[in-house]
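# Remarks on the overall topology
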Amino acid sequence: MTDQFERRINYLRVSITDRCNLNCLYCMPNGVPLLQHADILRYEEIVRLVRIAASLGITKVRITGGEPLVRRGCADLIRMLHDIPEIETIALTTNGVLLPELLPDLVQAGLQAVNISLDTLQPERFQAITGRENMPDWQTLLRACVQAGLKTKTNTVLLAENREEWEDIAALAQELPISVRFIEQMPLGQGSVCASGDAEQVLRLLRRRWSDVHPVQTQDSSAPARYYGSEQWIGQVGLIAPMTHRFCRSCNRVRLTSIGQLKPCLSYGTHTDLRSLLRSGASDDVLREVMRQSIYHKPETHCFGSGKTDAERQTMNRIGG
Ligand code: SAM
Ligand code: SF4
């Protein structure tokens, strides 16, 4: 379906848990108040909502969190979503810690794409950024994802803490057919208090080391990243600049939080409570109409920095990054 600004909305990001096995300093360094199990949507409830969303034109689903892989049975959910005929793509965003052991099951269940958070290549810095010691072996993990046939991307949030590694992280695109992406930090949760850089700084750095760095077209015109290539890379580098270049004009996504709130834009506190409707016996038709209204009224642009919303007190793990 299209929203009030004629954007085609076909992408639903589904958070399946608020919990996480890391405490990234820009996200939830001190953890977050945990929700009760009963508050979280059951997989059957998620599948029902995705089925209805699919009837409104959703064709791509991303499973996220919190850390989605800490919730048991993530592969079972993927299998159920895979059975929905209109859903063409199922992707996952993960911090990668549990991915090595779960990868075969996830792929077998129908996972097609993975975004892995990779803020540092150095174990000590990993501990400083995430509060934990268990940094994955990135090279091995990324290779395994590529070999399993997954479209593979990494996400690096631009932090003062990892600034000196941006070039080394970008160099992963030299060795692997992946998209290495850098993301400007958004003022969500603790993100508002960490110093960071911007996408233009990364681009200047790339051009200093690889002089032929040039923009490349992506098939997906709604992708928030601007992508760059070089003769020396087999992959590409993506820059996501929500703060310095708004990409709201081509935004195609809405979010379902772990407690069943449909959020048309991550920057606003507003949402539609689908869980209450689900659990009070609403029919598919009623749910569809409520979702249609919420999607139709998706705001024109995000409002970070405007002081208009309380969303800046929310953490990304709760909204579903
Ligand atoms: N736990 C998974 C992970 O880390 O990939 C999935 C959830 S996490 C909230 C999704 C993405 O949001 C991660 O790539 C993370 O780096 C990013 N993120 C979290 N807080 C952010 C912030 N304040 N600004 C920009 N990106 C943020
Ligand atoms: Fe956990 Fe992801 Fe947030 Fe890091 S960014 S604390 S891995 S939810």
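Above: the structure in question.
Right, let's walk through the structure included here. (Residues numbered from 1 in each chain as written. Chains lettered and ligands numbered in written order. Predicted model: local features only at pLDDT ≥ 70, side-chain atom pairs only at ≥ 80, totals over all residues. Heavy atoms only, no water.)

Time to look at the overall build of the protein chain. A tally of regular secondary structure across the protein chain gives 11 helices and 12 strands. Whereas a compact globule of 321 residues would reach a radius of gyration of roughly 20 Å, the protein chain reaches 19 Å, a difference of no more than 12%. Along the first, second and third principal axes, the C-alpha atoms of the protein chain reach 60 × 40 × 40 Å. Burial status across the protein chain gives 56% buried among its 321 residues. Put simply, of all contacts in the protein chain between residues at least 6 apart along the chain, 73% involve residues at least 24 apart. In the form shown here, the protein chain has an accessible surface area of approximately 14,000 Å², with 48% of it arising from carbon and sulfur atoms. The distance from the centre of the 37 positive side-chain charges to the centre of the 36 negative ones in the protein chain is 4 Å. (Helix = DSSP H or I, 4+ residues; strand = E, 2+ residues; numbered from the N terminus. Rg over C-alpha atoms; globule rule 2.2 N^0.38 Å. Buried < 20%, exposed > 50% of the residue type's maximum accessible area, 1.4 Å probe, protein only. Contact = heavy atoms within 4.5 Å. Areas by Shrake-Rupley, 256 points an atom, 1.4 Å probe, with all protein chains shown as cover. Lys, Arg positive; Asp, Glu negative; His and termini not counted. Charge placed at Lys NZ, Arg CZ, Asp CG, Glu CD.)

A separate point is helix H8 (residues 199-209). What H8 keeps buried is the set Ala199, Val202, Leu203, Leu205 and Leu206. With its buried residues spanning 160° around the axis, H8 presents them on a single face. In this structure, H8 carries Arg204 and Arg208 as exposed residues pointing more than 90 degrees from its buried face. Here the buried face of H8 lies against helix H6 (166-170), strand S6 (179-183), strand S8 (225-229) and strand S9 (236-240). (Arc of directions from axis to C-beta.)

A word on the packing of helix H1 (residues 43-55) against helix H10 (residues 284-296). Between H1 and H10, whose axes approach to 10 Å, the crossing angle comes to 65°. Of the two possible hands of crossing, H1 and H10 adopt the one that is right-handed. Between H1 and H10, the residues in contact are Arg48, Leu49, Ile52, Ala53 and Ser55 and Asp284, Leu287, Arg288 and Met291, respectively. Here the contact of H1 with H10 is built from residues that sort into five nonpolar, one polar and three charged. (Axes fitted to C-alpha atoms, helices over the stretch in contact; angles between N-to-C directions. Left-handed = near helix turned anticlockwise from the far one by under 90°. Nonpolar A, V, L, I, M, F, W, Y, C, P; charged D, E, K, R; others polar.)

Quick look at the packing of aromatic side chains now. Working definition: an aromatic ring pair is given by the centre-to-centre distance plus the angle between the planes. Per the stated rule, a full pass over the model turns up two aromatic pairs. Over the face of the ring belonging to tyrosine 11 we find lysine 60, whose NZ or CZ atom lies 4.6 Å from the ring centre. Between the NZ or CZ atom of arginine 71 and the centre of the ring of tyrosine 43, over which it lies, the distance is 4.1 Å. (Phe/Tyr/Trp six-rings, centres within 6.5 Å; stacked < 30°, edge-to-face > 60°. Lys NZ or Arg CZ within 6 Å of the ring centre and 35° of its normal.)

Another point: the site of ligand 2. The environment of ligand 2 is formed by eight residues, the closest being Cys20, Cys24, Cys27, Met28 and Asn95. Broken down by class, the residue content of the shell around ligand 2 amounts to five nonpolar, three polar and no charged. (Near = heavy atom within 4 Å.)

To continue, consider the pairing of strand S1 (residues 11-15). Where burial is concerned, most of S1 is hidden: five out of the five residues are buried. Of the two faces of S1, the one lined by Tyr11, Arg13 and Ser15 and the one lined by Leu12 and Val14 are each fully buried. Two strands pair when backbone bridges link them, and S1 and strand S2 (residues 60-64) are joined in this way by five bridges, in the parallel orientation. Across the sheet, residue tyrosine 11 finds its bridge partner in S2, namely lysine 60. (Pairing = 2+ DSSP bridges.)

The subject of this paragraph is the pattern of salt bridges. Applying the stated criterion across every chain yields a total of 12 salt bridges. Of the charged contacts, one joins arginine 275 and aspartate 39 as a salt bridge, the two residues approaching to 3.9 Å between their closest N and O atoms. Here aspartate 39 lies in the loop between S1 and H1 and arginine 275 lies in helix H9 (residues 274-279), a separation of 236 residues in the sequence. Glutamate 167 is paired through a salt bridge with arginine 209; the nearest N and O atoms lie 3.1 Å apart. Placement of the pair is glutamate 167 in helix H6 and arginine 209 in helix H8, with a sequence separation of 42 residues. By sharing partners, the salt bridges in this structure join Arg42, Glu45 and Arg279 into a single network. (Salt bridge = Lys/Arg side-chain N within 4 Å of Asp/Glu carboxyl O.)

A word on the environment of proline 187. Mapped onto the elements, proline 187 comes out in the loop between S6 and H8. For proline 187, a relative accessible area of 13% gives the class buried. The spacing of proline 187 and cysteine 27 is 160 residues in sequence and 9.8 Å in space, taken between C-alpha atoms.

Note that every value here comes from positions in space, so none of it alone points to a role or purpose.
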